[in-house]
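An overview of the molecular structure
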Amino acid sequence: MWLVLVEAISGSDAGSHLQVGDLVKEVFVFPQETKDSHVLVRAKLEQPLQNFTVCLRSYTDPTRPHSLFSYAPKAQDNEILLFKPKPSEYWLYVGGKFVSFRVLGAIVASEHICASWESSTGIVGFWLNGKPWPRKGLQRGYTVGAEAAILLGQEQDTFGGGFNARQSFVGEMSSVYMWDTGISTVRVLAAMQNSPDKAPIFGWRNFPYKTVGEVYLKP
Ligand SMILES: *[C@@H]1O[C@H](CO)[C@@H](O)[C@H](O)[C@H]1NC(C)=O
Ligand SMILES: [Ca+2]
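For the structure given in this document, a descriptive report is provided here.

Quick notes on the rules
Residues numbered from 1 in each chain as written. Chains lettered and ligands numbered in written order. Predicted model: local features only at pLDDT ≥ 70, side-chain atom pairs only at ≥ 80, totals over all residues. Heavy atoms only, no water. Near = heavy atom within 4 Å. Polar contact = N/O pair within 3.5 Å; in protein donor to acceptor, adjacent residues only side chain to side chain. Areas by Shrake-Rupley, 256 points an atom, 1.4 Å probe, with all protein chains shown as cover. Buried < 20%, exposed > 50% of the residue type's maximum accessible area, 1.4 Å probe, protein only. Helix = DSSP H or I, 4+ residues; strand = E, 2+ residues; numbered from the N terminus. Contact = heavy atoms within 4.5 Å. Donors = N, O, S within 2.8 Å, 3.2 Å for Na, K, Ca; no water. Tetrahedral: all angles 85-135°; square planar, octahedral: opposite > 155°, others 65-115°.

Ligand 1 sits among Gln50, Asn51 and Glu118. Taking Asn51, its side chain carries an N or O atom lying 2.7 Å from an oxygen atom of ligand 1. The contact in question runs from an oxygen atom of ligand 1 to an N or O atom on the side chain of Glu118, over 3.5 Å. Within the complex, the protein chains bury 40% of what would otherwise be the 370 Å² of accessible surface of ligand 1.

The following block contains the structure:
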C-alpha cells in the first residue's frame, strides 16, 4: 500500500547518512539551531491521500516559530505542514492552506499532538496531550500528493530544501507517526503510549531514515 524510499534528494545529499532506527523507543535530538540539520524520509504512497493523521511529541525551549512535520511533494511545499508559530498556537497546513488551533493555558513542557484531516468533509481534528480540540475544516475535496519528502527539523519551501534556520526545530522529538487514515481519541491515546494499534506510514522499529547535519537518535 505504501513504500518508503531512502535515496537522497540530489543536491541535499552532502553529509547525509542512511540509518535504520527504532523510532518507537528512541528520540530525535536536535541540539542547536542550524540552517540545514534534519531527518529525511522519502515517501512514495501507492495513491494520493484522502485522509491522514500525524502524531508526534515535541519538547523544545525556543519560543520562536518552528516546524514540526513538513511533507512536501514537488508541486506544493506546504502540502502537509505542522507548524508552531508561537507557544500558544499550532497551524496545520493542507495543500498550502492552514487552520490554527490556539492552546493558551494548556502549555506543558512536553507536548504530544495529533492532527488529522479527511478530504470528504475537509474536517481537521487536533489533539493536545490526548485531549481533542474543537474540529475545524479546510480543503474539502483535495488530495495530498503521493510522492513526497518528509522532513523533521526544517521547514521546506522547495522539495527537500528552502530552509530557514529561524524556523528550524531545536530540542527533542519522538513518537512520530503518520497514517493514511483518520484517528479516534482512543487511538490518539495509544499513539501517546507508543503502542499504535494500526500500522503507520511513518514510524516503527527498524525504520529507514536519513539524517543531515546535527540530529541524533538517542535512547
Ligand atoms: C477516507 O475517510 C473517509 C471518511 O472516514 C472514508 O469514507 C474513505 O473511505 C477514506 N478514503 C480512503 C481512500 O481510505
Ligand atoms: Ca514551506
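The complete set of buried residues in helix α1 (residues 185-192) reads Arg187, Val188, Ala190, Ala191 and Met192. Looking at the buried residues of α1, the elements they touch are β5 (51-59), β10 (110-118), β11 (123-128) and β15 (171-179). Positive phi shows up at Asn194, right after α1, with a value of about 60°.

This brings us to the coordination of the calcium ion (ligand 2). Looking at the calcium ion (ligand 2), the protein donor atoms are Asp77 (OD), Asn78 (OD1), Glu155 (OE), Glu155 (OE), Gln156 (O) and Asp157 (OD), and they sit 2.1 to 2.9 Å from it. Considering all six donor atoms around the calcium ion (ligand 2), angles at the metal cover 48 to 160° and the coordination shape is irregular. Of note, the donors binding the calcium ion (ligand 2) are all from one chain and are spaced D-N-x76-E-Q-D. Of this pair, Asp77 sits in the loop between β6 (66-72) and β7 (80-86) while Gln156 sits in the loop between β14 (147-152) and β15; the two residues are 79 residues apart in sequence, bridging distant segments of the chain. Each of the two residues, Asp77 as well as Gln156, counts as buried.

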